[in-house]
Amino acid sequence: MQLPEQVTIVEVGPRDGLQNEPGTVPTAVKVGFIDRLARTGLQVVEATSFVHPTWVPQLADAAEVLAGIDPVEGVRYPVLVPNERGLDRALESGVDEVAVFGAASEAFSAKNLNRTIDESLEMFRPVVARAKDAGLRVRGYVSTVCGCPYQGDVPVADVVRMTVAMLELGCDEISLGDTIGVGTPGQVQDLLAAVAAEAPVERLAVHMHDTYGQGLVNTLAAFETGVTIADSSAGGLGGCPYAPGAKGNLATEDLVYALHGSGVATGVDLDALVDTTAWMAAKLGRPPASRAAEAILAKRDR
Ligand code: HMG
Ligand code: MG
């Protein structure tokens with residue numbers, strides 16, 4: 001395989017994972033999860049979202065979470081912000097990186113943001129401009145790149161158009177999200193070829209959900225095309241309340257196991273990560289959705 005020598009993992013468990021939990025996770029547990037993750041060698045831990053609290057009640061304590069964490073030097077803690085109100089709240093909490101999130105499909109944009117794609121871009125425009133003026137790094141998500149829970153197929157041209165539009169707004173990096181985890185490796189490589197023809201590949205990331213068990217192979221397929229940034233979540237937590245049927249993200253343990261075994265550096269201590277996932281699984285009261293974490297924990301028990 002043609003893989004990069006090293007990659008950056010964006011850990012999204014505390015945000016994508018916990019936004020989808022059926023029950024309320026106490027703020028102290030979220031803080032403990034983030035602090036443990038940040039001490040495993042991960043360079044980026046997406047911490048929470050400053051979205052409307054009625055839309056995502058699970059993350060209504062975003063400010064309290066950020067106030068509670070004990071930041072590790074050199075680790076980035078981005079947060080999601082959909083609009084200026086979200087940015088104001090994030091700035092009050094002293095963040096240094098935000099992410100806006102749009103979609104390649106109109107139907108998903110309407111359900112997730114209550115906006116058409118064009119309206120969402122107009123909502124993001126002042127957010128990105130003000131964030132850049134304040135010296136923040138800005139990530140942009142493009143969701144539903146491999147399929148939409150409401151509209152079905154999503155034309156590649158629509159993904160390319162949204163990626164370019166988000167870069168033109170001033171986003172530093174674009175994460176291409178297979179929100180419902182329906183993509184396959186050939187589809188991902190075709191998609192990346194089309195997107196990378198219009199956007200610098202070093203500014204692209206992939207964000208694969210694992211609904212059909214394709215998260216790992218899809219991420220590796222993207223790495224083969226020159227992408228070097230991937231999102232994943234400890235213990236395979238994740239999903240989107242506005243994407244019915246979407247399972248968790250690719251598990252970070254599965255990704256790290258595959259990469260280290262293939263000679264790709266991540267900077268992550270896999271054992272420390274598994275400790276963190278086991279700690280969180282005990283808090284959530286269910287085993288992790290990660291084959292690698294499961295296997296490592298079983299081996300420890302023997
Ligand atoms: P809206 O109802 O159209 O909001 O929702 P609005 O702009 O009409 O404002 C209505 C009221 O909400 C106002 O208050 C605002 O101040 C308030 P009022 O004047 O009536 O008193 N408000 C807020 N309050 C707190 N924080 C805010 C905020 N914004 C407005 N940020 C909105 C529009 C975008 C706010 C809403 O649709 C929303 O919050 N959506 C977020 C949905 C979400 O978080 N989805 C999950 C994340 S995306 C995802 O998971 C995919 C991803 O993982 C990638 C992948 O997998 O593909 C990233
Ligand atoms: Mg997601």
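Note: the structure precedes this text.
Residues numbered from 1 in each chain as written. Chains lettered and ligands numbered in written order. Predicted model: local features only at pLDDT ≥ 70, side-chain atom pairs only at ≥ 80, totals over all residues. Heavy atoms only, no water.

Caption draft 1: View of unusual backbone geometry. In this structure, Asn114 is a non-glycine residue whose phi angle is positive, near 60 degrees. Relative to the assigned elements, Asn114 resides in the loop between α5 (106-113) and α6 (117-133). The backbone of Thr144 shows a phi angle near 55 degrees, a positive value even though the residue is not glycine. When you line up the elements, Thr144 lands in the loop between β6 (137-143) and α7 (156-169). (Helix = DSSP H or I, 4+ residues; strand = E, 2+ residues; numbered from the N terminus.)

Caption draft 2: A look at the side chain of Glu173. One can find Glu173 in strand β7 (residues 173-178). Here Arg137 takes part through its side chain, which lies 2.8 Å from a polar atom of the side chain of Glu173. Here the side chain of Glu173 touches Arg139 through a polar contact of 2.8 Å, side chain to side chain. Those residues in contact with Glu173, other than ones at most four positions away along the chain, are Arg76, Arg137, Val138, Arg139, Gly140, Arg203, Ala205 and Ile229. (Polar contact = N/O pair within 3.5 Å; in protein donor to acceptor, adjacent residues only side chain to side chain. Contact = heavy atoms within 4.5 Å.)

Caption draft 3: Layout of the site of ligand 1. Around ligand 1, a shell composed of 27 residues is seen, among which Gln19, His52, Asn83, Ser143 and Thr179 lie nearest. Val51 places a polar main-chain atom, nitrogen or oxygen, 3.4 Å from a nitrogen atom of ligand 1. Within the side chain of His209, an N or O atom sits 3.1 Å from an oxygen atom of ligand 1. About the coverage of ligand 1: the protein hides 75% of its 1100 Å² of free accessible area. Elements supplying a minimum of two residues to the shell around ligand 1: α1 (13-17), α4 (84-92), α5 and β6. Per-element accounting of the shell around ligand 1 gives the leading share, three residues, to α4. Grouping the amino acids of the shell around ligand 1 by side-chain chemistry returns eleven nonpolar, eleven polar and five charged. (Near = heavy atom within 4 Å. Areas by Shrake-Rupley, 256 points an atom, 1.4 Å probe, with all protein chains shown as cover. Nonpolar A, V, L, I, M, F, W, Y, C, P; charged D, E, K, R; others polar.)

Caption draft 4: Examining the packing of aromatic side chains more closely. Scanning all chains against the criterion turns up two aromatic pairs. Aromatic pair Phe108 and Tyr150: ring centres 6.5 Å apart, planes at 25 degrees, arrangement stacked. Of this pair, Phe108 sits in helix α5 while Tyr150 sits in the loop between β6 and α7, and the two are 42 residues apart along the sequence. What makes Tyr150 partly exposed here is its relative accessible area of 33%. Positioned above the aromatic ring of Trp279, the side-chain terminus of Arg36 is 3.9 Å from the ring centre. (Phe/Tyr/Trp six-rings, centres within 6.5 Å; stacked < 30°, edge-to-face > 60°. Buried < 20%, exposed > 50% of the residue type's maximum accessible area, 1.4 Å probe, protein only. Lys NZ or Arg CZ within 6 Å of the ring centre and 35° of its normal.)

Caption draft 5: Quick look at the sheet that holds strand β3 (residues 48-49). With respect to topology, nine strands assemble into an open sheet ordered β2-β1-β9-β8-β7-β6-β5-β4-β3, the strand pairing being parallel. The open sheet has two free edges, formed respectively by β2 (44-45) and β3, since each of these has just one partner strand. As judged from the five bridges shared by β7 and strand β8 (residues 204-208), these two strands associate in the parallel manner. Its bridge partner being in β8, Asp178 is matched across the sheet by Met208. (Pairing = 2+ DSSP bridges.)

Caption draft 6: Representation of helix α9 (residues 215-224) in the model. Buried residues dominate α9, accounting for seven of its ten residues. Along α9, the residues classified as buried are Gly215, Asn218, Thr219, Leu220, Ala221, Ala222 and Phe223.

Caption draft 7: Local environment of the packing of helix α11 (residues 270-284) against helix α12 (residues 291-301). In the contact formed by α11 and α12, the axes pass within 10 Å of each other and the chain directions differ by 95 degrees. Classified by the angle their axes make, α11 and α12 are roughly perpendicular. From α11, Leu270, Asp271, Val274, Asp275, Thr277 and Ala278 reach across to α12, where they touch Ala293, Ile296, Leu297 and Arg300. A breakdown of the residues in the contact of α11 with α12 according to their chemical character gives six nonpolar, one polar and three charged. (Axes fitted to C-alpha atoms, helices over the stretch in contact; angles between N-to-C directions. Parallel < 35°, antiparallel > 145°, perpendicular 65-115°, else oblique.)

Caption draft 8: The arrangement of the coordination of the magnesium ion (ligand 2) in detail. Every protein donor of the magnesium ion (ligand 2) is listed here as Asp16 (OD), His207 (NE2) and His209 (NE2), and their distances to the metal cover 2.1 to 2.3 Å. Taken in chain order, the donor set of the magnesium ion (ligand 2) reads D-x190-H-x1-H. Residue Asp16 is found in helix α1, and its partner His207 is found in strand β8; the two are separated by 191 residues along the sequence. Just as Asp16 is buried, His207 falls in that class too. (Donors = N, O, S within 2.8 Å, 3.2 Å for Na, K, Ca; no water.)

Caption draft 9: Examining α7 more closely. Between its terminal C-alpha atoms α7 stretches 20 Å, which fits the 20 Å expected from 14 residues at 1.5 Å a residue. Along α7, the residues classified as buried are Val159, Val160, Met162, Thr163, Ala165, Met166, Leu167 and Leu169. Where α7 is buried, its residues touch β5 (97-103), α6, β6, β7, α8 (185-196) and β8. Phi turns positive, to about 120 degrees, at Gly170, one or two residues after α7. (Expected span 1.5 Å × (residues − 1).)

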